[in-house]
Amino acid sequence: MYSSELIKGTVTTLILKLLSDNHRMYGYQITQAITEATEGKITLTLAAIYPVLHKLKASGELTTEKEKVGNRMRIYYSLTNQGNDTAQEKLKEFADYLATMKSLLDLKPGLQKCLTV
Amino acid sequence: MPDGVTQLTKSQISIIRARLKQDGIKTTELAEDLLDHFCVAIEEKMVEGQTFNAALENTFGSLQEDELKATEMKTQELLEGKKTYYPNLLQSFGLLLMTFAISWVASKGVQAISVGIEDLEMRKQWFEQNYLLIIVFSVVPIVGIPIGYTIWRKRQTQINLPIFSFRTVPAYVYGVMLLIGFLSIFWLEPLAVFFPFFQQRREAELLILENFDPLIVVFVIVGLMILLELLFRGVILRGLLMTMTSTKAIFWSSLFYALMMYPYFASMFFFSLLSGWIYWKTRSLYPSIFFIIAIQFVSYATFHFLGYSGKLYFQATLWNYVDHNLLIYLPLVIGSLLLTVGLLYYLNRKLSVESQS
């Protein structure tokens, strides 16, 4: 399990990535997909995932479809064109961020010196 | 996913829905999302052999402390709180006082301008003729505050959300609301008949309106009604709905609205309750604005039909029209009230069904 501070900034990117790989998903499916893909290292709480889904919908990145399942309604989320662009941007930004962090935490000689001062 | 293997019954789903509400979930779409989430989680446990009650308790028990409350708060914060202005009860009252204050200052301004008119009667008349315009221009800055705040927040957060909630609603909603407005004239009339206090003021207002070009009257009334709906439904009721139950929010916003519309307090309170209710059901300002404007014109049209033509306003009532015959009057009042209740029941059911599909 990673700390919530570490996960916090990545939830939007994770959701956008999942939805760009899958045509449409519902809330529970997204949480399970993240848990399964990370072998339980990342388990999102309700407060981490649903507010973000609703924010992304309000800002036009996601669109929803309702479908009747048994005796209840299910809300499916999918990316809009705008959401698709945002997903690509976010993934690119995240990959760049990871590369930066890697080079930073690899502790190159010069940096190591700085950190020990 | 084990969809379809075990399906919860309607009563089991109702138990989960009630539990979510009890634990603090208020936002409609979030509640729908979470209901499905919990149903799937519970169904999975039932497939493993647990009873419904055990699965229910285990699923809710696996949550962190106040996780549902946190989800609700964070959703509201992300959707509304950081981007749009929403007043609580005290701030709503503050907005009302500000409207009164600006209205008072505006009226003093008009008085100051009219000092140039020599004749005292002319000055009085000029002032009376500008009465509606004063109200319109005092409401404009008040409505401007939340709009300005929202635009400012939007620029900061870069998230596009509408300032006011305008959603398209089915055409029958307008038809039913128009009918309800028309019927309310009959069942609200006893108030005007038995409270002379309302009559004098309305009579004066009608005389003032007659000094205007009818087009200006229509423009000012429509403009004023739209502005007041933006303020009382679009800002105040929307804000109150986030901090209290829908019943309380509609009641308080209607009370403030009726105070603003004094001396038509009683009738405007009822109209405001209806307007607030339809806003809450549809989350759209279209039907509430339509209803409030329609009621004005239906009401004036009815009074003209009942024989108002320069004579005392309060004589133009259905009560006089039927020659004080209770055998005709009472069934009309009670019948219109019952029909209104029936229409509201119909609309409530139809809108509830639609929100689920």
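Placed above this text is the structure.
First things first, this report covers the structure right here in the doc. Remember, predicted model here, so these are calculated numbers, not experimental data. (Residues numbered from 1 in each chain as written. Chains lettered and ligands numbered in written order. Predicted model: local features only at pLDDT ≥ 70, side-chain atom pairs only at ≥ 80, totals over all residues. Heavy atoms only, no water.)

**Brief notes about the overall build of chain B**
Operational definition: Secondary structure follows DSSP: runs of H or I at least 4 residues long count as helices, runs of E at least 2 residues long count as strands, and numbering of each begins at the N terminus. For the exposure calls, accessible area comes from a 1.4 Å probe over protein chains only, and a residue counts as buried if that area is under 20% of its type's maximum, exposed if over 50%, partly exposed in between. The contact definition used throughout considers only heavy atoms, calling two residues in contact when any of these lie within 4.5 Å. Per-residue and other accessible areas follow the Shrake-Rupley method at a 1.4 Å probe size, with only the shown protein chains counted as cover for residues.
Helix and strand counts for chain B stand at 15 helices and 0 strands. Counting only residues that meet the buried cut, chain B has 47% of its 357 residues in that class. For chain B, long-range pairs separated by at least 24 residues make up 74% of all intrachain contacts whose partners lie at least 6 apart in sequence. Accessible surface, chain B: about 18100 Å² in total, of which carbon and sulfur atoms supply 65%.

**Describing the packing of helix α11 (residues 246-260) of chain B against helix α12 (residues 265-282) of chain B**
Residues and elements named next belong to chain B. Here is the rule: Angles shown run from 0 to 180 degrees and are taken between the N-to-C directions of axes, each axis being a line fitted to C-alpha atoms and, for helices, limited to the stretch in contact. An angle below 35 degrees is read as roughly parallel, one above 145 as roughly antiparallel, one from 65 to 115 as roughly perpendicular, and any other as oblique. Here a crossing is taken to be left-handed if its near helix is turned anticlockwise relative to the far helix by less than a right angle, and right-handed if that turn runs clockwise. When residue character is reported, Ala, Val, Leu, Ile, Met, Phe, Trp, Tyr, Cys and Pro are called nonpolar, Asp, Glu, Lys and Arg charged, and the others, Gly included, polar.
Viewed as axis vectors pointing N to C, α11 and α12 meet at an angle of 140°, and their least axial separation amounts to 8 Å. The angle between the axes of α11 and α12 places the two elements in the oblique class. Handedness of the crossing formed by α11 with α12: right-handed. Counting all contacts with α11, which are made through Ser246, Ile250, Phe251, Ser253, Ser254, Leu255, Tyr257, Ala258 and Leu259, the residues of α12 involved are Phe265, Met268, Phe269, Ser272, Leu273, Gly276, Trp277 and Trp280. Split by residue class, the contact of α11 with α12 holds 12 nonpolar, 5 polar and no charged.

**Some details on the interface of chain A and chain B**
How big an interface is tends to be reported as the loss of accessible area on association of its parts. Here is the rule: When two parts are brought into contact, each loses some accessible area as probed by a 1.4 Å sphere; the total of that loss over both is the buried area. When a carboxyl oxygen of Asp or Glu is within 4 Å of a side-chain nitrogen of Lys or Arg, the pair counts as a salt bridge. Distance and chemistry together define a polar contact, namely a pair of N or O atoms within 3.5 Å, with one atom able to donate a hydrogen and the other to accept it when in protein, and with adjacent residues in sequence counting only for side-chain atoms on both sides.
In this assembly, 25 residues from chain A lie in contact with 36 residues from chain B. Between chain A and chain B lies a buried interface of about 2800 Å² when both sides are counted; carbon and sulfur atoms form 59% of it. For the chain A face of the interface with chain B, the top three residues by lost area are Tyr28, Leu46 and Arg72 of chain A, together amounting to 26%. Taken together, chain A and chain B are joined by 4 salt bridges. Glu32 of chain B serves as the salt-bridge partner of Lys66 of chain A, at 3.2 Å between the closest nitrogen and oxygen. Across the contact surface, chain A and chain B share 12 residue pairs in polar contact (both at pLDDT 80 or more). Contributing elements (two or more residues each) for the side of chain A that touches chain B: α3 (27-37), α4 (46-58) and β3 (72-79) of chain A.

**What about unusual backbone geometry?**
With the exception of glycine, most residues fall at negative phi, and the peptide bonds are largely trans. One non-glycine residue, Glu39 of chain A, adopts positive backbone phi at about 50°. Residue position: Glu39 of chain A is located in the loop between α3 and α4. For Glu39 of chain A, a relative accessible area of 71% puts it in the exposed group. Of note in this structure, Arg283 of chain B is not a glycine but carries a positive phi near 50°. Its place among the elements puts Arg283 of chain B in the loop between α12 and α13 (285-305).

**Quick look at the side chain of Asp33 of chain B**
For the record, the criterion: Under the convention used here, Asp and Glu are negative, Lys and Arg are positive, and both His and the chain ends fall outside the count.
Examined against the element boundaries, Asp33 of chain B turns out to sit in helix α2 (residues 28-47). Comment: no salt bridge for buried Asp33 of chain B; closest opposite-charge side chain is Lys57 of chain A, at 8.2 Å. Look past the residues within four positions of Asp33 of chain B in its chain and what remains in contact with it is Tyr50, His54, Ile75 and Tyr77 of chain A.

**Section: the sheet that holds strand β1 (residues 25-26) of chain A**
Residue and element names in this part refer to chain A. Keep this limit in mind: The rule for pairing is simple: two strands pair if DSSP sees at least two bridges between them.
Taken in spatial order, the 3 strands of this open sheet run β1-β3-β2, and their pairing is antiparallel. Edge positions in the open sheet fall to β1 and β2 (62-69), since each of these has one partner strand only. Two strands pair when backbone bridges link them, and β2 and β3 are joined in this way by 8 bridges, in the antiparallel orientation. If you follow Thr63 over to β3, its bridge partner there is Ser78. Lying on the sheet, helix α2 (residues 11-21) is in contact with β1, β2 and β3; it crosses β3 at an angle near 90°.

**Some words on the packing of aromatic side chains**
Residue and element names in this part refer to chain B. To keep things clear, this is the line we draw: Each Phe, Tyr or Trp ring (for Trp, its six-membered ring) is paired with any other whose centre lies within 6.5 Å, and the angle between the two planes then decides the class: stacked below 30 degrees, edge-to-face above 60, tilted in between.
As enumerated under the stated definition, the model contains 14 aromatic pairs over all chains in all. Residues Tyr174 and Phe290 carry aromatic rings whose centres are separated by 5.1 Å and whose planes lie at 85° to one another, so their mutual orientation is edge-to-face. Within this pair, whereas Tyr174 is found in helix α8 (residues 171-194), its partner Phe290 is found in helix α13, the two being separated by 116 residues in sequence. Classification of Tyr174 by relative accessible area gives partly exposed; the value is 22%.

**Overview of the pattern of salt bridges**
All names here are of chain B. All chains considered together, the criterion is met by 10 salt bridges over all chains. A salt bridge links Glu229 to Arg233, with the shortest nitrogen-to-oxygen separation between them at 2.7 Å. With Glu229 and Arg233 both in helix α10 (residues 214-243) and 4 residues apart, the pair spans about one turn of that helix. Owing to a relative accessible area of 0%, Glu229 belongs among the buried residues under this scheme.

**Some details on the side chain of Thr75 of chain B**
You can see Thr75 of chain B is positioned in helix α4 (residues 67-81). Judged by its relative accessible area of 0%, Thr75 of chain B is buried. Apart from the residues within four sequence positions on either side, Thr75 of chain B is in contact with Pro51 and His54 of chain A together with Leu30 of chain B.

**Structural notes on the nonpolar core**
Basically, it comes down to this: Among buried residues, those of type Ala, Val, Leu, Ile, Met, Phe, Trp, Tyr and Cys that are joined through side-chain atoms within 4.5 Å constitute a nonpolar core.
Core analysis: the biggest nonpolar cluster contains 58 residues, and Val139, Met225, Leu228, Leu231, Phe232, Tyr257 and Leu347 of chain B have the highest contact counts within it. Top contributing element to this core by residue count: α10 of chain B, with 14 residues. Discounting residues that sit within four places of it in the chain, Phe232 of chain B has contacts with Leu96, Leu237, Ser253, Phe256, Tyr257 and Met260 of chain B. One finds Met25 and Tyr77 of chain A together with Leu30 and Leu68 of chain B within the second-largest nonpolar core, a separate group that totals 42 residues.

**Structural notes on α11 of chain B**
Which entries qualify depends on this criterion: Working rule for helices: expected span equals 1.5 Å times residues minus one.
Given a rise of 1.5 Å per residue, 15 residues ought to cover 21 Å, and the 21 Å separating the end C-alpha atoms of α11 of chain B matches this to within 8%. Buried residues of α11 of chain B: Ser246, Ala249, Ile250, Ser253, Ser254, Phe256, Tyr257, Ala258 and Met260 of chain B, and no others.

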